[in-house]
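# An overview of the molecular structure
Listed below, chain by chain, are the residues.
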Amino acid sequence: MAAQVQAVPAAEGGGAPPQANGVVAAGSAAAAAATFQATSLYVGDLDVSVQDAQLFDVFSQVGSVVSVRVCRDVNTRLSLGYAYVNFSSPADAARALEMLNFTPINGKPIRIMYSNRDPSSRKSGAANIFIKNLDKSIDNKALYDTFSVFGNILSCKVATEMSGESKGYGFVQFELEEAAQNAISKLNGMLLNDKKVYVGPFVRKQERENVSGNPKFNNVYVKNLSESTTEDNLKEIFGKFGPITSVVVMREGDGKSRCFGFVNFENPDDAARAVEDLNGKKFDDKEWYVCRAQKKSEREMELKEKFEKNIKEAADKNQGTNLYLKNLDDSIDDDEKLKEIFADFGTITSCKVMRDLNGVSKGSGFVAFKSAEDASRALVAMNGKMIGSKPLYVALAQRKEERRARLQAQFSQMRPMVMPPSVAPRMPMYPPGVPGVGQQLFYGQPPPAFVNPQLG
DNA sequence: GATGAGCGG
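Residues numbered from 1 in each chain as written. Chains lettered and ligands numbered in written order. Predicted model: local features only at pLDDT ≥ 70, side-chain atom pairs only at ≥ 80, totals over all residues. Heavy atoms only, no water.

## Re the pattern of salt bridges
Heads up, the condition is: Each salt bridge in this description consists of a side-chain nitrogen of Lys or Arg and a carboxyl oxygen of Asp or Glu lying within 4 Å of one another. A run of H or I in DSSP counts as a helix once it spans at least four residues, and a run of E counts as a strand once it spans at least two, with each numbered from the N terminus. Only protein chains enter the accessibility calculation, which uses a 1.4 Å probe; a residue whose area is less than 20% of its type maximum is buried, one above 50% is exposed, and one in between is partly exposed.
On inspection of all chains with the given rule, the structure shows 9 salt bridges. A salt bridge links D92 to R95; its shortest N-O distance comes to 2.9 Å. Linking D92 with R95, this pair stays in helix α3 (residues 90-100), spanning 3 residues, or about one helical turn. Look at D92 and you get buried, because its relative accessible area is 11%. Given the relative accessible area of 37%, R95 is considered partly exposed. Of the charged contacts in the structure, one is a salt bridge between K337 and D333, with a shortest N-O distance of 3.0 Å. Look at D333 and you get partly exposed, because its relative accessible area is 33%.

Here's what the structure looks like:
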């Protein structure tokens, strides 16, 4: 049961809450069901380990489920983190939405909506609101209950840490703009569990940065300087826009210019004008890039994001090129011998026999090809082929995330699901009574994920 | 102090 949230005017610290009376509940759940596919639910925020059968079990507790599908990446089969659950009647779907929304499955609260295949309303961002300074005790359900008096909510969520602790802000997507406006005007600045909340329209971060009120800055970053450009040159050029407090051209230890620098203005308006005017201008045939200087932490964050994106792109590019081998014959005891066996299929970019601490082959290994096509041919030709005295096992090597999700999925089937008290008594016993399987084997930590040494 | 993710067969 979610904690009761009291809304109180901030000034008086008492008085009547922004009541349901006087607020027209624009768009009821029934109206929403009529708008969307009334028997089909979209289930989002799924942990990657959640599978069809597990969802079926959960949703069958509260209604007659026709079908369930966890959507997966077509290549990797990795869960995309959402699913569809189709019911035999609108009433069952409505009940499932009401009873199971925000129920944790494998430790993560699910978020349920009516299925709506048309993405236009999602993209527009209309009727979406942002709430901050939320008390940590306010969870998804409490947020939902607090805001649902203003109209039908399509989706709602409190941002959380990985641990599940509230980050103190959240989102409510209403069906109708009118409801969003009503919620903003009635709740902005109110006390919710003794904290004065901000409630306003949701504005995407990028859009917010371009509007007035964006942080003023004094420090300007300039790059793509010619190697001969000095501090004095910068002073002269930037000085036209107003008084400057400091200028620096960054240099190597030997004094060679790194071709970028910083100019700090006394007045932020001058800094803004300098950026506006000088960005993209050419000096000594070099096109300057001029912008607000980032703080060190901002810069580090950006570099980190870029780095991670590159890693991901590289992984995508190599998709399907790496083969995992097991049941390797003892005679294949070094990387070169392994390479010979696969050499005919194409260019091999790396090759490894896995060994234990004593250097003895573990009977497994990896062969990576330049092209996915060659890898695929090699897989088909070599899987099950007798090498020495054993049939070789060949499969596409799984990436770390993929492998982790698979192991987690196996593991999670063995443990009880977390259900709300209202449906818990109807749950079947888990783990199922499989004779000879000691259930304690599956409790505690799952086995460590195998780490592919070649893909890191 | 804080501004999301998101629709198949």
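## Things to note about the nonpolar core
How we decide: The definition of a nonpolar core used throughout is a set of buried Ala, Val, Leu, Ile, Met, Phe, Trp, Tyr and Cys residues joined through side-chain atoms within 4.5 Å.
By size, the foremost hydrophobic cluster in this structure holds 26 residues, and its most contacted members are I129, I131, L143, F147, V172 and F174. Taken together, the elements giving at least two residues each to this core come down to β8 (128-132), α5 (140-147), β9 (153-160), β10 (166-174), α6 (177-187) and β11 (190-192). It is α6 that contributes the most residues to this core, 5 residues altogether. One finds V58, V62, V70 and F87 within the second-largest nonpolar core, a separate group that totals 22 residues.

## Some points on helix α9 (residues 268-278)
To be explicit about the condition: Directions pointing from the helix axis toward each C-beta atom define the arc. In this description, contact between two residues means that some pair of their heavy atoms is separated by no more than 4.5 Å.
Those residues of α9 not exposed but buried are D270, A271, A274, V275 and L278. Along the axis of α9, the buried residues cluster in a sector spanning 140 degrees; they form a single face. Tucked into the core, α9 has its buried residues touching β14 (219-223), α8 (231-239), β16 (257-265), β17 (282-283) and β19 (289-292). Two residues or fewer after α9 comes G280, characterised by a positive phi angle close to 90 degrees.

## A look at the environment of I131
Residue position: I131 is located in strand β8. Separated by 70 residues in the primary sequence, I131 and P201 have C-alpha atoms spaced 8.7 Å apart. Not counting residues up to four positions away in its chain, the partners in contact with I131 are L143, F147, G168, Y169, G170, F171, V172, V197, Y198 and V199.

## A look at the packing of aromatic side chains
To describe a pair of aromatic rings, one takes the distance between the centres and the angle between the planes. Just so we agree on the cut-off: When the centres of two rings from Phe, Tyr and Trp lie within 6.5 Å, Trp using its six-membered ring, the rings pair. Their planes under 30 degrees apart give stacked, over 60 give edge-to-face, and anything left gives tilted.
Across all of its chains, the model carries 21 aromatic pairs by this definition. Here Y42 and Y82 contribute two aromatic rings whose centre-to-centre distance is 5.5 Å and whose plane-to-plane angle is 25 degrees, an arrangement assigned as stacked. Here Y42 is found in strand β2 (residues 40-44), whereas its partner Y82 is found in strand β4 (residues 79-87), with 40 residues between them in sequence. Looking at Y42, the relative accessible area reads 24%, which means it is partly exposed. Given a relative accessible area of 25%, Y82 falls into the partly exposed group. With 6.4 Å between their ring centres and 75 degrees between their planes, Y324 and Y393 make a pair best called edge-to-face. Taken together, the positions of Y324 in strand β20 (residues 322-326) and Y393 in strand β25 (residues 393-396) put the pair 69 residues apart, joining distant regions of the chain. Through successive ring pairs, a cluster of aromatic residues spans F130, Y169, F171, Y198 and F202.

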